[in-house]
Amino acid sequence: MNEIATQIPYKEILLSLLTFLSAFLLWRIQYQKDRVKNIESQLSEKKYKMYSEFIYILFDVTNATKTGKAISDKEIVKRMAEIKRDMFIYAPDKVFKKFTEWTLKINGGGSGIKHFKTYFELMKMIREDMGNKGTKLKLDDFMLFYMQSEEEYEKFKEIHF
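Rules of the game
- Residues numbered from 1 in each chain as written.
- Predicted model: local features only at pLDDT ≥ 70, side-chain atom pairs only at ≥ 80, totals over all residues.
- Heavy atoms only, no water.
- Phe/Tyr/Trp six-rings, centres within 6.5 Å; stacked < 30°, edge-to-face > 60°.
- Helix = DSSP H or I, 4+ residues; strand = E, 2+ residues; numbered from the N terminus.
- Buried < 20%, exposed > 50% of the residue type's maximum accessible area, 1.4 Å probe, protein only.
- Salt bridge = Lys/Arg side-chain N within 4 Å of Asp/Glu carboxyl O.
- Axes fitted to C-alpha atoms, helices over the stretch in contact; angles between N-to-C directions.
- Parallel < 35°, antiparallel > 145°, perpendicular 65-115°, else oblique.
- Contact = heavy atoms within 4.5 Å.
- Nonpolar A, V, L, I, M, F, W, Y, C, P; charged D, E, K, R; others polar.

Here we come to the packing of aromatic side chains. Between two aromatic rings, the relevant description is the distance of the centres plus the angle of the planes. Scanning all chains against the criterion turns up 14 aromatic pairs. Pairing F142 with Y146 gives two aromatic rings, centres 6.2 Å apart and planes at 15°, and the pair type is stacked. With a gap of four residues between them, F142 and Y146 both fall in helix α6 (residues 139-147), about one helical turn apart. Side by side, F142 and Y146 carry an identical accessibility label, which is buried. Here the aromatic cluster, defined as three or more aromatic residues joined through ring pairs, consists of F54, F59, F99, W102, F116, Y119, F120, F142, Y146 and F156.

Under the counting rule described, the total for this entry stands at 11 salt bridges. The shortest N-O distance in the salt bridge between D60 and R79 comes to 2.8 Å. Placement of D60 in helix α2 (residues 10-67) and of R79 in helix α3 (residues 73-90) is noted, with a sequence separation of 19 residues between them. As a salt-bridge pair, K94 and E128 come within 3.5 Å of each other at their nearest N and O atoms. Taken together, the positions of K94 in helix α4 (residues 93-107) and E128 in helix α5 (residues 115-129) put the pair 34 residues apart, joining distant regions of the chain.

The next point concerns the packing of α2 against α6. Close contact between α2 and α6 brings their axes to 12 Å; oriented N to C, the two are set at 45°. Between α2 and α6, the angle is such that the two are oblique. Where α2 abuts α6, its residues L58, F59 and T62 lie against F142, F145 and Y146. Residues of the contact of α2 with α6, tallied by class, amount to five nonpolar, one polar and no charged.

Right, dumping it as structure tokens:
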């Protein structure tokens, strides 16, 4: 009986099993990493579309008078509802809360411009969420980018801020 026991290559069998198990575990880990990366990519794409539409609305409304393509209130409400739906699913909490704060300000009546500061804060959060973690933009940077005129912005600040 000892002869048979010594003839069975236990070490080789054990080594083969461990090699197979290691290969399987490495494959499984890589598979999980790929799945997570794919989900993150899909989430990033959804966020990009949602955030882009949020930005497009502002520029579309602003440029409507310049281009002669008026956007109806119904169209704006529809687009905002789609953003809100996606915001509920995809936005991080701080962006979600800032968006809510901004919509309350634009719906609250009063001056139509006070919401720009909140809008800027929201845009800054969106930029950070999309990968610009160290953004150093200030309200003046945003407003100059938006208005494209230092003189007009200075007049605007005197009147509204």
